[in-house]
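Examining the three-dimensional arrangement
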Amino acid sequence: MSESDRLYGFRNNFYLGAYQALVDDHEIEGLTESEVLERDTILHRSNIALGNHQVVLDSIKPSSPTAFQALRLLALYLSDPTKKEEAVEAIQDLLSDPATANNITLILAAASILSHEGNYADALKFTHASTNLEVQALNVQMYLKMDRPDAAEKQMKAMQAIDEDHTLTQLANAWVDLGLGGSKIQDAYYIYQELSEKFLQTSYLLNGSAVCNIHKGNFEEAESLLQEALQKDPKDADTLANLVVVELHLGKPATKYLSQLKTAAPSHVLVKKLQLREESFDRAVQAYA
C-alpha cells in the first residue's frame, strides 16, 4: 500500500469515527507538505472528537497554519465554558479576513461552533455555497437538525452528483433516509452494513445500525449492536444515550447508562432535556407543596 493510499484510509477512518485508531497509528511517511498538513489536521480533529482538548490546545502554536488555529478555537470552545465567547469572536475574525475565510477547516470549525450554539442559519451562511463534500455533509446534518429533510435530501443529491460512491455521500444518504423514515429506514441500514463490511467496524457505524433497528422496533437487536459499540468505546456519548432509550423500551433499568452519560458528556442533548424535565417537575412540586 502506498503512503497516499494510507492517507486515503486515514481520511476514511476519520469519517467513520475510528478516532482512537487514528491517534494510536498516525505515522505516515513520504507525504508531501500539503498531505502532512491534512494528516495532522485529521489527527487534531480526532483528538477533539475524543475529548482530548488539552492535547490540541498544547500542540497548536500562534504560528501554526490557519486550519490548526481554527481547530484550537474549536477545542477551546468545547473545553472551557468561560472561553466560549472568546472562541466565537476569534473564529469570526478569521472568517472575516479574506486571506483565511475560504479555508475549509476553518469553515468546518466555525460551522461546528455555531451548530453547538444552535445557530444553524448563521452556520449555513458560511457553508451553503461550498462544493467541498465534507462541508456539504455538515449541511445535511444541519438541515436535519432544523427539521428540513427536504433540504437535506437536496444537498445529499448534490453530493451524489459530485461523487456517489464517496464515504461521506454514503453516510449522508443514510442520514437522510433516517430523517425521511418509513421504508427508507431499511435503505439506511443497508448502507451502514455495507460500510461496516468495506471498512472498519466502528462504534459510529454500530450506532447507525442500532438506530435503524430502534426505528423498526427491533430493540433487542439494537441493544446487541450497542453493547458491541460500548466495548469498542465505553465513553461514547451516542452509544450511552441510545442504550438509555433502548433499555427503557425493553423495560430494563437505564440508570447505569444515564449516569455514565452524565459523566462522559454532561452537555449531551439527552442530559440537558432530562435536566429541564427534572427542574420543571421540581417547580411543579414546590408550587403544590
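Just above, that's the structure.
In this report, we go over the structure that sits alongside the text. Keep in mind that this is a model prediction, so the values were computed, not measured.

1. Considerations on helix α5 (residues 66–79)
With 14 residues, α5 should reach 20 Å at 1.5 Å per residue; the first-to-last C-alpha distance of 20 Å fits that figure. Counting buried residues in α5 gives ten out of 14 residues, a clear majority hidden from the surface. Of all the positions in α5, only Ala67, Phe68, Gln69, Ala70, Leu71, Leu73, Leu74, Ala75, Leu76 and Tyr77 are classed as buried. Close packing links the buried residues of α5 with α3 (33–49), α4 (53–59), α6 (84–96) and α7 (104–116).

2. Brief notes about helix α11 (residues 167–180)
Between its first and last C-alpha, α11 extends 20 Å over 14 residues, near the 20 Å set by a 1.5 Å rise per residue. Counting buried positions along α11 gives twelve out of 14 residues, so the element sits mostly inside the fold. Thr167, Leu168, Thr169, Gln170, Leu171, Ala172, Asn173, Ala174, Trp175, Val176, Asp177 and Leu178 are the residues of α11 that are buried.

3. Remarks on the environment of Ile42
Positionally, Ile42 belongs in helix α3. Sequence spacing of Ile42 and Leu22 is 20 residues, and the spatial spacing of their C-alpha atoms is 8.4 Å.

4. Considering the packing of aromatic side chains
Centre-to-centre distance and the angle between the planes together describe a pair of aromatic rings. The final tally for this structure, using the stated rule, is three aromatic pairs. Taken together, the aromatic side chains of Phe14, Tyr15 and Tyr19 make up a single cluster linked through ring pairs. The ring of Tyr77 has Lys84 sitting right over it, with the charged end atom 5.1 Å from the ring centre. Across from the ring centre of Tyr189, 4.7 Å away, lies the NZ or CZ of Lys216, which sits over that ring.

5. With respect to the packing of helix α13 (residues 203–215) against helix α15 (residues 237–249)
Direction vectors running N to C along α13 and α15 enclose 20°, while the axes themselves pass 10 Å from each other. Considering the angle they form, α13 stands roughly parallel to α15. Here α13 runs over α15; the crossing is left-handed. Residues Ser203, Asn207, Val211 and Ile214 of α13 pack against Asp238, Thr239, Asn242 and Val246 of α15. Of the residues that constitute the contact of α13 with α15, the class distribution is three nonpolar, four polar and one charged.

6. What about the side chain of His53?
For His53, the position within the fold is in helix α4. Given the relative accessible area of 14%, His53 is considered buried.

Each value, and the rule that gives it
Residues numbered from 1 in each chain as written. Predicted model: local features only at pLDDT ≥ 70, side-chain atom pairs only at ≥ 80, totals over all residues. Heavy atoms only, no water. Helix = DSSP H or I, 4+ residues; strand = E, 2+ residues; numbered from the N terminus. Expected span 1.5 Å × (residues − 1). Buried < 20%, exposed > 50% of the residue type's maximum accessible area, 1.4 Å probe, protein only. Contact = heavy atoms within 4.5 Å. Phe/Tyr/Trp six-rings, centres within 6.5 Å; stacked < 30°, edge-to-face > 60°. Lys NZ or Arg CZ within 6 Å of the ring centre and 35° of its normal. Axes fitted to C-alpha atoms, helices over the stretch in contact; angles between N-to-C directions. Parallel < 35°, antiparallel > 145°, perpendicular 65-115°, else oblique. Left-handed = near helix turned anticlockwise from the far one by under 90°. Nonpolar A, V, L, I, M, F, W, Y, C, P; charged D, E, K, R; others polar.

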